[in-house]
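So you can see what is in the structure, the chains are spelled out below.
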Amino acid sequence: MDTLTSRSEKIILEKLNSAGYEAFFAGGCVRDAVMQKLKMTVPSSGDIDVTTNALPKDTERVFDEYQVIETGIKHGTVTVVLQEGNVEITTYRSDGSYSDSRHPDNVRFVTSLEEDLARRDFTINAMACDADGNIRDPFGGQQDIKDRIIRAVGCAEKRFAEDALRIMRALRFAAVLGFEIEDETSRALCTHKQLLRNVSTERIFAEFRKLVSGRNAGEVIRKYADVLGVVIPELAAMKGFEQHNPYHRYDVLEHCIRAMEAVRTTPENRDYMKMAALFHDIGKPETYSMDENGIGHFYSHPAMSEVLVSGIMKRFKADNFTARRVAVLVKRHDLIFEKDERLLKKWMNRLGADVLAEILEIKLADNMATGNMSLELERKFCEIRIMIHDILAQQQCFSLKDLAVDGNDVIACGVAPGPEVGRVLEQLLMKVIDGELPNDREVLLAICYDAIKCGILT
Ligand code: ATP
Ligand code: MG
């Protein structure tokens, strides 16, 4: 397990061992290291967790020369701050019973590593690794990684009933790692799907946004739409909703999943772009009508989709940025794009350049997902993408902040301070965008001064 034991965090294990305690890397970092060793693609690795038989107070004593944070002392966790990052050290524990499918009623410290591993959710997450790189794997996690399987530790029914967040975690790992959920585990999570109602919306959303970013998100959502439908009924309503429209080959959910799979993203915008693509037509079932020729229509569906998606973001207590961005991408997903630089700049001014570029990607994905997109249309989108890129790369003027004059200049030309200043600047900007004026300070000031003198600009 070179990838783990060559890490500087190994010092945590060594210090605990020297003080006479057992200590292992555990959980996600071991899973990632095993996958790396098998040359499997590992999604951006998370944090390093350590498990030990030292009690939290003992751990604090071992690391008295370090900064230590009492993260969750009741649950046995302290965090040691290293230069490379924080390491969570948790005492071996067993989680007792769960009466609310959410929190263990009590946490009991235990003395054996095996007992600690048994409380963990899936076999691939229930492995430990010592300072020499020896793996402890009592539940066959390595084999399941080789076979690309998510399998509950112990009785799946019981494990999901104990903690329903594990249902979301199973779907998330399946999507992110591209693994299959083993049959019994799959059946059990479907049986207990209603328990998801007991889980905090924040925790569900944290898993959901990872899920949609996963390489197999489409397959997971296709297969488990009814499970996700417990917390997102709007999603379940799209399933099987036929569009009766010659432009569309697929039902609403299949179309949206395909858009989510097709959308081009960056590491920074991946999760909200995926959500926007998945939810872009969520208002379709509510706006459906059929004309006398038997053709289905969804008039004003982007507005309805925006209302519904904003409701979902609110329910999930999404941060403001994510909620707003998903809403605007959904609302504007049918914006009409033309290969017209001036028009593009006006939209860039109105919505923001990054938002416009993202709407273009959602719209391209939307068209690809109809199953009927022409090559010509695809080429048009690519050309527009390049046009937006060039406007930005050439630092062309499309917003007030790019304009060579500002409010103070306009006031100096004789405009009274107040809302009029903004109106004058806006007019100058439109003339610059339309190519009627250059974005040149001297020219703009002269025009502004003359126009005000002649009463044209005010
Ligand atoms: P990542 O950090 O990449 O999201 P992870 O597996 O490390 O994945 P964490 O949430 O960091 O996930 O949890 C660390 C470990 O704690 C897991 O690997 C698993 O062993 C255990 N664990 C986390 N949540 C649960 C849970 N709800 N039920 C049982 N065990 C859990
Ligand atoms: Mg982790």
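Quantities reported herein were computed from a predicted structural model and do not represent experimental measurements.

A. Examining the nonpolar core more closely. Counting residues in hydrophobic clusters, the biggest one holds 113 residues, and the most contacted among them are F208, L278 and F279. Not counting chain neighbours up to four residues away, the residues in contact with L278 comprise F208, V212, I221, L235, M238, C256, I257 and M260. Formed by 17 residues, the second largest nonpolar core is a distinct cluster that contains V410, L425, V432 and C448.

B. Highlighting the packing of aromatic side chains. Under the counting rule described, the total for this entry stands at seven aromatic pairs. Pairing F122 with F173 gives two aromatic rings, centres 6.2 Å apart and planes at 75 degrees, and the pair type is edge-to-face. Within this pair, whereas F122 is found in the loop between α5 (113–118) and β8 (128–129), its partner F173 is found in helix α8 (residues 165–177), the two being separated by 51 residues in sequence. Between Y272 and F321, the ring centres sit 5.6 Å apart and the planes meet at 80 degrees, which makes this aromatic pair edge-to-face.

C. Highlighting the packing of helix α19 (residues 341–351) against helix α21 (residues 375–393). One way to put it is that α19 packs onto α21 with a least axis distance of 11 Å and a crossing angle of 65 degrees. With respect to their mutual orientation, α19 and α21 come out roughly perpendicular. α19 and α21 meet at a crossing whose hand is right-handed. Judged by residue contacts, E341, L344, K345 and M348 of α19 engage I384, M387, I388, I391 and L392 from α21. Of the residues contributing to the contact of α19 with α21, the split by class is seven nonpolar, no polar and two charged.

D. Molecular detail of the site of ligand 1. Inspection of the region around ligand 1 gives 15 residues, with R31, N125, D163, R166 and R172 positioned closest. Here an oxygen atom of ligand 1 and a side-chain polar atom of R31 are 2.8 Å apart. Between ligand 1 and the protein, one listed contact pairs an oxygen atom with a side-chain N or O atom of R172 at 2.8 Å. Out of a free accessible area of 580 Å², ligand 1 has 79% covered by protein chains. Elements with a minimum of two residues in the shell around ligand 1: α3 (28–37) and α8. The greatest single-element share of the shell around ligand 1, amounting to four residues, is contributed by α8.

E. Geometry of the pairing of strand β1 (residues 23–26). Burial along β1 is two-sided: A23 and F25 and F24 and A26, pointing in opposite directions, are all buried. When β1 meets β8, the two strands line up antiparallel, connected through two bridges. Each bridged residue has a counterpart across the sheet, and for A26 the counterpart in β8 is A128.

F. Just α3, in detail. Burial analysis of α3 places seven of its ten residues in the buried class, which makes it a mostly covered element. Every buried residue belonging to α3 is among C29, V30, R31, D32, A33, V34 and M35, and all of these are buried. Directly beyond the C-terminal end of α3, a positive phi value near 60 degrees is found at K39.

G. Here's a closer look at the sheet that holds strand β9 (residues 135–136). Across the sheet, which stays open at both edges, the seven strands sit in the order β3-β4-β5-β2-β1-β8-β9 with mixed pairing between neighbours. Edge positions in the open sheet fall to β3 (67–72) and β9, since each of these has one partner strand only. One ladder, built from four bridges, connects β3 with strand β4 (residues 77–82); its direction is antiparallel. For G72, the partnering residue across the bridge sits in β4 and is T77. Its contacts with the sheet put helix α2 (residues 10–18) on β1, β2 (48–52), β4, β5 (85–91) and β8, and the angle it makes with β1 is roughly 155 degrees. α3 contacts β1, β2, β8 and β9 of the sheet and is inclined by roughly 70 degrees relative to β1.

H. Representation of the side chain of H255. Considering the arrangement of structural elements, one finds H255 in helix α14 (residues 252–262). Within the local environment of H255, its side chain forms a polar contact with the side chain of H280, the two groups lying 3.2 Å apart.

I. Inspection of the packing of α14 against helix α15 (residues 270–279) at higher detail. For the pair α14 and α15, the least separation of the axes is 7 Å and the interaxial angle reads 155 degrees. Overall, the two elements α14 and α15 adopt an arrangement that is roughly antiparallel. Classified by chirality, the crossing of α15 by α14 is right-handed. Contacts between α14 and α15 involve C256, I257, A259, M260 and E261 from the former and K274, A277 and L278 from the latter. Each residue belonging to the contact of α14 with α15 can be placed in one class, and the counts come to six nonpolar, no polar and two charged.

Rules used throughout
- Residues numbered from 1 in each chain as written.
- Chains lettered and ligands numbered in written order.
- Predicted model: local features only at pLDDT ≥ 70, side-chain atom pairs only at ≥ 80, totals over all residues.
- Heavy atoms only, no water.
- Core = buried A, V, L, I, M, F, W, Y, C linked by side-chain atoms within 4.5 Å.
- Buried < 20%, exposed > 50% of the residue type's maximum accessible area, 1.4 Å probe, protein only.
- Contact = heavy atoms within 4.5 Å.
- Phe/Tyr/Trp six-rings, centres within 6.5 Å; stacked < 30°, edge-to-face > 60°.
- Helix = DSSP H or I, 4+ residues; strand = E, 2+ residues; numbered from the N terminus.
- Axes fitted to C-alpha atoms, helices over the stretch in contact; angles between N-to-C directions.
- Parallel < 35°, antiparallel > 145°, perpendicular 65-115°, else oblique.
- Left-handed = near helix turned anticlockwise from the far one by under 90°.
- Nonpolar A, V, L, I, M, F, W, Y, C, P; charged D, E, K, R; others polar.
- Near = heavy atom within 4 Å.
- Polar contact = N/O pair within 3.5 Å; in protein donor to acceptor, adjacent residues only side chain to side chain.
- Areas by Shrake-Rupley, 256 points an atom, 1.4 Å probe, with all protein chains shown as cover.
- Pairing = 2+ DSSP bridges.

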